[in-house]
Amino acid sequence: MTHVAACPACAVAPLAQETARNARPPDAVLSIPSLHCAACIGKVERALSALPGVDSARVNLSLKRVSVHGPDVSDDSIIKVLKGAGYDAYPLDLTLLEAGQDPVGRGLLIRLAIAGFAMMNVMLFSVAVWSGASDATRDLFHLISALISLPAVLFCGQPFFANAWSALRVGALNMDVPISLAILLAAGMSLFEVLNGGAHAYFDAALSLTFFLLIGRYLDHRSRSSARSAAKELAALEVQTAQRIDAGHATKVAVSALRVGDRLVIPTGVRVPVDGTLNSPSALSDRSFLTGESSAQTLTKGDPVQAGEINQGAPFEMTATAVGEDTTLRRVANLVEMAENSRNSYTNLADRAARIYAPAVHLLALLAFVVWVWISGDIRFALNIAVAVLIITCPCALGLAVPAVATAAIARLYGMGFLVKSGTALERLAEIDVAVFDKTGTLTLSSSTGKITSLSDQQAGVARRLAQSSDHPVSRGLLAVLPPVQPAALTEINEIPGFGMQARLKGQAVRMGRGSWLGAGFDGLGLKIGDDPAIPLPLTDIPRPGVQTALEGLRNMGIAPQILSGDSEKPVQDLAAQIGIKDIQFNVSATQKHAYLTGMQQAGHRVLMVGDGLNDTASLAAAHASVAPASALDASRSAADIVLLRETLAEFPLLLKIARATTRLSRQNFAIAAGYNAIAVPVALLGYASPLIAAIAMSVSSLTVLANAMRIRIIR
């Protein structure tokens, strides 16, 4: 039965409430990575709508998110319901999402829409004038066009005007100065015609000029922000609350209240809020959001855990070692942004060309105006040509030539698991002819066929404490196979790069490392306590996944791979034979590695260094280009140009292909920009291009450069 209300307000009230409820910000936003089709949308929305306290739920399939309205519904209850429906869900940080909503891009789109709407309306009046409207009718149409155009031009042209004024205020010129001058001249010239009853007005040209320039500016902005968006989305996955252990009890607190040293409990299925070390004997962690690896990893006591990981096993305890801006997720976002804003030699060349362009463009436009006034005697015609020259010679394509390629490449590589930290990294990587690899932790992962059971509790406790004090891959592999005993209380713990760990146990020296360093009769890893004989700790090096694919790809590209390792002879030779590398060096110290790379580069080689250890840090910094795995020491990751986020090396050849393509496409974009100006400038000077045609030509050149840059996405 249809209900009819006598009071219109009563009938409207429910609709108003519903509208207000839908218009307010959602109370919870969750990421659902497994969403893939329209059927998923209905299933998720139905499941959440049945949850008590949920007012509404809306799924965004493209972003793989669900927005939930319901102030009394907790994230945990939503996650539980979705889990029952077959979907894993993770809370998103609304603050970070709002920070990543791109107000600059939204502002450009608003101005673009207004300019387009005004342009279409003014063109209707222009068509009437061109069709024969004259005298009072023509003047009325011109006046209406002026009333529409002038506010639209002043508002929509603000991005250009503001940048131009910023440059002029300090006595400089940039590419927005001639653009602003051209827009204002076109609008001012039309206004002069209207006020003096002239037969010609160019408000449609001024608006069209602004419209097409905004298209180019928006596309430029989008290309520059694409790399950052992935990192911001990743950072938004940070959880908002955590369970901190206070006085033996777990208390729910805001993540912002956590401090280094706090002990936390991570329940099953919950994302780790901060970086830290594992206190529990073991844990099962999903690092796919960070590394791209789909399988969960087994962690043992003392292993590092990073913000963003998901606990896939039983609840575990951890101690926070990094919070806030120092967590892994925040650092990743910052590093991507730093790389996007960096400059390489091509960028600097484009900037120098643009700086020369600005004064040259103004002089050329002034010269064109003077010459055409002298030739034709028509100031209006000469001014049209000057405006066209100002627009058509604007170096927008030149300014986009390199950033568009670099940003597209950085975004593509980030999606493949490569974090580019330096703006010059890809340029240098494209030039390498030799690839030098460290062995342990870079080409291999330390493993074992089973648990080590031959140690006493004291020996196992000493080995565990020494292994926990090192980030070396061998130490991480050892922790996985040692008995779960209490770590020994050691003092004066110290790592000797390339050799091992040493400390003191109740006054006696203890060491763990290479057998030759311990004075033992074996080459592998061993433990020595006091004057007792060294005890072997059997570990087996297994090649890192994708090693064979990576090496084959490098050879096909003409790049010779080498092994430069601090390990002893036999393990290096065994691995080299297994993966097919003939050029090897072993027992190499950190100083010798650095000297070798320096000598190679002095001989004319462009060397790529790939390493992860403390003894690789100086070599990573000295190499022509460098890569470090995400598992590397902080010092090594800081020294490297690129960080490999995934465990596999299979995509390594594609990294080099994209680096070479970046250089090639940058050069092509320079050629496109130069060719455009070689054709367009004479056309404008000869009077064959109106301001509108000039604006379209300039936008087409920018779009061509952007389209060429996007080819980086199809490199295979």
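Conventions we followed
- Numbering of residues begins from 1 in every chain and follows the order in which that chain's sequence is written.
- Predicted model: local features are reported for residues with pLDDT of at least 70 only, side-chain atom pairs are reported and counted for 80 or more only, and whole-chain, interface and lining totals are derived from all residues.
- As a rule here, side-chain values cover all heavy atoms of the structure and leave hydrogens and water aside.
- When two rings of Phe, Tyr or Trp (its six-membered ring) have centres within 6.5 Å they constitute a pair, described as stacked for plane angles under 30 degrees, edge-to-face for angles over 60, and tilted for the intermediate range.
- Each helix is a run of H or I in the DSSP string that is no shorter than four residues. Each strand is a run of E no shorter than two, and both are numbered from the N terminus.
- Buried, partly exposed and exposed residues are distinguished by accessible area as a fraction of the type maximum, computed with a 1.4 Å probe on protein chains only: under 20%, between the cut-offs, and over 50%, respectively.
- Remark: a charge is flagged as sitting over a ring if the NZ atom of Lys or the CZ atom of Arg is within 6 Å of the ring centre and within 35 degrees of the ring normal.
- Between the N-to-C directions of two axes lies an angle of 0 to 180 degrees, each axis being a line fitted to C-alpha atoms and, for a helix, fitted only over the stretch in contact.
- For classification purposes, an angle smaller than 35 degrees is called roughly parallel, one larger than 145 roughly antiparallel, one from 65 to 115 roughly perpendicular, and anything else oblique.
- Any two residues whose heavy atoms approach within 4.5 Å at even a single point are treated as in contact.
- In this classification, Asp, Glu, Lys and Arg are treated as charged, Ala, Val, Leu, Ile, Met, Phe, Trp, Tyr, Cys and Pro as nonpolar, and every other residue, Gly included, as polar.
- Strands pair, by our definition, only if DSSP identifies at least two bridges between them.
- pLDDT is defined as a per-residue confidence score from the predictor, taking values between 0 and 100.
- What counts as a salt bridge is simple: a side-chain nitrogen of Lys or Arg found within 4 Å of a carboxyl oxygen of Asp or Glu.

Draft legend 1. Local environment of the packing of aromatic side chains. For the coordinates displayed, the defined rule picks out one aromatic pair. Here the aromatic rings of Phe437 and Phe652 are separated by 6.0 Å at their centres, their planes lie at 55°, and the arrangement is tilted. In this pair, Phe437 is assigned in strand S15 (residues 434–437) and Phe652 in helix H24 (residues 652–685), connecting sequence segments 215 residues apart. Judged by relative accessible area, which is 1%, Phe437 ranks as buried. In this structure Phe652 comes out as buried when scored by relative accessible area, which is 1%. When the ring centre of Phe155 is taken as reference, the NZ or CZ atom of Arg111 above it lies at 4.5 Å. The lysine or arginine in question, Arg511, covers the ring of Trp517, its NZ or CZ lying 4.8 Å from the ring centre.

Draft legend 2. Structural context of the packing of helix H6 (residues 135–156) against helix H7 (residues 158–169). Viewed as axis vectors pointing N to C, H6 and H7 meet at an angle of 55°, and their least axial separation amounts to 5 Å. Here H6 lies oblique to H7, going by the angle between them. Contacts between H6 and H7 pair Val153, Leu154, Phe155 and Cys156 from the former with Gln158, Pro159 and Phe161 from the latter. Taken together, the residues of the contact of H6 with H7 sort by class into six nonpolar, one polar and no charged.

Draft legend 3. Region of the structure containing the packing of helix H19 (residues 547–556) against H24. Packing of H19 against H24 leaves a shortest axis separation of 7 Å and a crossing angle of 35°. Mapping the contact onto sequence places Thr549, Ala550, Gly553 and Leu554 in H19 and Phe652, Pro653 and Leu656 in H24. Split into classes, the residues belonging to the contact of H19 with H24 amount to five nonpolar, two polar and no charged.

Draft legend 4. Inspection of the sheet that holds S15 at higher detail. Strand order in the open sheet formed by seven strands is S14-S27-S26-S25-S15-S23-S24, with mixed pairing between adjacent strands. Each edge of the sheet is formed by a strand with only one pairing partner; in this case those strands are strand S14 (418–420) and strand S24 (584–585). The pairing of S15 with strand S23 (residues 560–564) spans four bridges and is parallel. Note that in S23 the partner of Ala435 across the bridge is Pro561.

Draft legend 5. Just the side chain of Arg428, in detail. Among the structural elements, Arg428 can be located in helix H15 (residues 425–429). Leaving out residues up to four positions away in the same chain, Arg428 has contacts with Ser422, His624, Ala625 and Asp641.

Draft legend 6. Spatial organisation of the sheet that holds strand S2 (residues 56–60). Taken in spatial order, the four strands line up as S2-S3-S1-S4 in an open sheet, and their pairing is antiparallel. Of all the strands in the sheet, just S2 and strand S4 (90–91) have a single pairing partner and so form its edges. Helix H3 (residues 75–84) rests against strand S1 (28–31), strand S3 (65–69) and S4 of the sheet, and its axis sits at about 40° to S1.

Draft legend 7. Representation of the confidence of the model for the chain within the structure. Chain-level statistics for the chain give a pLDDT mean of 76 and a share of 77% at 70 or above. Throughout residues 1–23 the model reports pLDDT below 50, and contacts reaching past four residues in sequence, or to other chains, amount to six contacts. Across residues 338–347 the pLDDT falls below 50, and counting only partners more than four positions away or on other chains, this stretch makes 30 contacts in the model.

Draft legend 8. Inspection of the pattern of salt bridges at higher detail. Enumeration over the complete set of coordinates arrives at five salt bridges. Linking Arg244 and Asp246 is a salt bridge whose minimum nitrogen-to-oxygen distance equals 3.2 Å. The partly exposed category is assigned to Asp246, whose relative accessible area is 30%. Two residues, Lys593 and Asp438, come together in a salt bridge whose shortest N-O distance is 3.1 Å.

Draft legend 9. Examining the pairing of strand S19 (residues 508–514) more closely. Judged from the six bridges that link them, strand S18 (residues 500–505) and S19 form a sheet pairing that is antiparallel. Opposite Gln502, over in S19, you have Arg511 as the bridge partner. The hairpin formed by S18 and S19 contains two residues between the paired strands, and Lys506 there has a positive phi angle of roughly 50°. Relative to strand S20 (residues 525–529), S19 runs antiparallel, the two being bridged by five bridges. Considered in S20, the bridge of Arg511 is made with Lys528.

Draft legend 10. Region of the structure containing the environment of Phe155. Assignment of secondary structure puts Phe155 in helix H6. Taking the C-alpha atoms as reference points, Phe155 and Ala115, 40 residues apart in sequence, are found 8.9 Å from one another. Each residue touching Phe155, except ones within four places of it in the same chain, is listed here: Ile110, Arg111 and Ile114.

Draft legend 11. Fine view of the environment of Gly500. Tracing the backbone shows Gly500 in strand S18. Gly500 sits 18 residues away from Leu518 along the chain, and the two C-alpha atoms are 9.3 Å apart.

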